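The primary structure of each chain is shown beneath.
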Amino acid sequence: MRWPSFVGLGLLLGCGLVGWAQPAPVDGISETALIENQKRLKWLRSEIARHDDLYFKKATPEISDAAYDALKRELNALEKASAKDSATSSESVSTGDDRSGNFATHRHGEPMLGLDKAYAEAELRAFLNRVSRSVGSDDSVFVVEPKFDGIAISITYEQGRLVRAATRGNGREGDDVTENALTIRNMPRRLSYNGASDTKSKPPARVELRGEVYIDYAEFARINSEREEAGLALFANPRNLAAGTLKQKDPADVAARGLKVVFYGYGLWAPGDGDAAPSSQQALNAWLRERDLPRVDRYDLEKGASAVLAAVDRWREELKKLPFPTDGVVVKLDSRAQWLRLGNSAEAPRGAIAYKFPPERVSTRVVGITLQVGRSGVITPVAELEPVELAGSKISRATLHNAADLSRRDVRVGDYVFVEKAGEIIPSISGVDLDRRTSEVKAFVFPSECPSCASELQTSKSGATVYCPSKRCPAQIQRKIEHFVAPAAVGIKGLGPVAIATLVRENKISNVADLYRLTAKDLVDAGVRSEAVAKRLLTEIERSKESDLARFILGLGIPQVGRANAEKLADRFGSLKAMSKATDEQLVDFSPVTRDALLAFLAEDENQRMFSAFESVGVNPQQPPMAAVKGPLTGKTVVLTGTLRGMTRAEATRRLTIAGARVVDSVNSRTDLLVAGDDAGSKLAEANAGGIQVIDENRLMKLLEN
């Protein structure tokens, strides 16, 4: 339902809402208008609460930050107007709450507030003027820095050691995510003092460093690439991925994704006999640099409103060059004394503001909605657009994600829509221009039958996705074959989508094993140019029998099995035949989700018939067992402890295994070698007590290189 805005009416006439139970005319405002205001207030509170839950707890926001902030500002304005004449106080707007209920909570030493937002130069100028009046100076120095787009975090160090990591939560207490945060690659477990100018300085007794956990663009692309290989839905943007990853229940799943942290502020600072709290943002940045902590490397120092506005304008283009996601800039007072003098509102400090640049957005028309059947059967609606230029590229399609998303957005063929690039990467429809919708534009009706095989579609338990349950669906078979022959998998050159579609349609292939039964005539009939080309293609198909086992496993399109898990399965089983008989006990070190997906795949009769068919046509790629690999660590039992700087724990385990080692978790009499990273704990003590050889990461790298 679309609501008209009554904010302007209420503010211009200075009206308030008198008594919610029985509204009456006030200052000439009709009873009808007051009732509508009451309805609007109720709807705004409910809608903001819903979006808070989606953004903070589920990391699946439905609207842009600008649209969300517009809702909050409208609610604030209506509540202020109503409070003028109401005996009851206006309900406050919360800062949101990211506590999930899956973690213990931790109370912050000092409240962890958000930031007020500005979307126009006039709003930013008003903030600067307000600050100047409050501190009594037009020459205050401001810091202008990029605003990282991730999830806010508070890291507590006591006597220099990391003891707690907590999300913002409701501002007073947040989720204790310490175990997950310790897997972040650049998260210091101790405050380093090697680079300090005063080598005798001590860490503060207790300090809460405030910052952001994020995923850079390169890692975002890598993860989405692996998900595409595993047949999983892609993440919409880096912010959602970072937030969702930090709240994973298994720290191993968190470690597998390249989260990073950056620090840009602090809460509680209890110096004890250690470092005093920095007196300015400049001093904080210097302290972070000397202590070798992740920090904002680039920022501007500006004096006066005009200089600040010019710096903000420069950042408009500079943000596009950064390798990590941002959603604007932060303008904050440099002086801590001035910052404290201004104090805080209920939601944010008065000495800082986030300026959000409007995303590059274009309007275009939806000329069609097509339904794509994925290799898992999931139906993905895609908006076909009149081609339009956006951020340097031509956009003609945008995913609508799933049936639930299409229904919620109510995108229709013939609509004019606004298109943005989510996280500067993926084209996304941000809204429908309802003012341009005509009566001829009808709501899209999702079909009840599969567009490929006419099977009755089913809905997932969550209600979000619609899928085709038929294992004989031609579209699913085609997608599976296309995935199998792709360069990242087995890599059969020359077998394109058109030929594959024809072979599926003519019942020449129903699974990937059938590729190895094709004849030259089959390929010519499918549209291959000549018999000579068909024979070359058959040679390519025959060659693929010798592909690496990991690439072969990846090509099977097993749910939850991307490149990393495919390599792990190849190392574990050594052959397709052995993997086809995998048991739960043999998969104990895979995540529960991956383990369940693989076992379900192997339990299907059709897939077991496929494995048998591979064997009958002479396809049985194998990988020598690791024990047979003659590497520098062949036969050695190795334990890893502490934090490695040059690679993740998973990468170190993989490389050690390739080198012939057996990597285990605990130290015992059979341990040959312990690799000690930063902040190695009890395992190092056990190794030293037992006379076990201990090496550092540098020595490990030399062994692996040899």
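Residues numbered from 1 in each chain as written. Predicted model: local features only at pLDDT ≥ 70, side-chain atom pairs only at ≥ 80, totals over all residues. Heavy atoms only, no water.

1. A look at the pattern of salt bridges
- Under the counting rule described, the total for this entry stands at 40 salt bridges.
- We note a salt bridge from glutamate 158 to arginine 206, for which the minimum N-O separation is 3.3 Å. Separated by 48 residues along the polypeptide, glutamate 158 in strand E4 (residues 151-158) and arginine 206 in strand E7 (residues 206-214) bring together distant segments of the chain.
- Glutamate 158 sits in the partly exposed class, given a relative accessible area of 36%.
- Its salt-bridge partner being lysine 320, residue glutamate 317 comes within 3.5 Å of it at the nearest N-O pair.
- Look at the salt bridges and you will find they share partners, linking Asp410, Arg412, Asp415 and Arg437 into a network. (Salt bridge = Lys/Arg side-chain N within 4 Å of Asp/Glu carboxyl O. Helix = DSSP H or I, 4+ residues; strand = E, 2+ residues; numbered from the N terminus. Buried < 20%, exposed > 50% of the residue type's maximum accessible area, 1.4 Å probe, protein only.)

2. Points about the sheet that holds strand E19 (residues 637-641)
- Spatially, E20-E19-E21-E22 is the arrangement adopted by the four strands of the open sheet, whose pairing is parallel. Strand pairing shows two members of the sheet lacking a second neighbour, strand E20 (662-664) and strand E22 (693-695), which therefore form its edges. Strand-to-strand, the axes of this sheet are offset by a mean angle of 30°, without reference to chain direction.
- Two elements, E19 and strand E21 (residues 673-676), share four bridges in a ladder whose sense is parallel. (Pairing = 2+ DSSP bridges. Axes fitted to C-alpha atoms, helices over the stretch in contact; angles between N-to-C directions.)

3. Re helix H13 (residues 474-485)
- A rise of 1.5 Å per residue sets the reference length of H13, with its twelve residues, at 16 Å; its end C-alpha atoms lie 17 Å apart and thus fit the reference within 8%.
- Among all positions of H13, only Ala475, Gln476, Ile477, Gln478, Ile481, His483, Phe484 and Val485 are buried. (Expected span 1.5 Å × (residues − 1).)

4. With respect to the sheet that holds strand E10 (residues 326-333)
- Pairing is mixed across the open sheet formed by five strands, whose spatial order is E2-E11-E10-E3-E9. Either end of the sheet is taken by a strand with one partner, and the two such strands are strand E2 (117-118) and strand E9 (300-303).
- Bridge count between strand E3 (residues 141-148) and E10: six bridges; the pairing is antiparallel. Within E10, the residue paired with phenylalanine 148 across the bridge is threonine 326.
- Strands E3, E9, E10 and strand E11 (352-355) of the sheet are contacted by helix H10 (residues 305-318), whose axis makes an angle of about 150° with E9. (Contact = heavy atoms within 4.5 Å.)

This is a description of form; function is not addressed.
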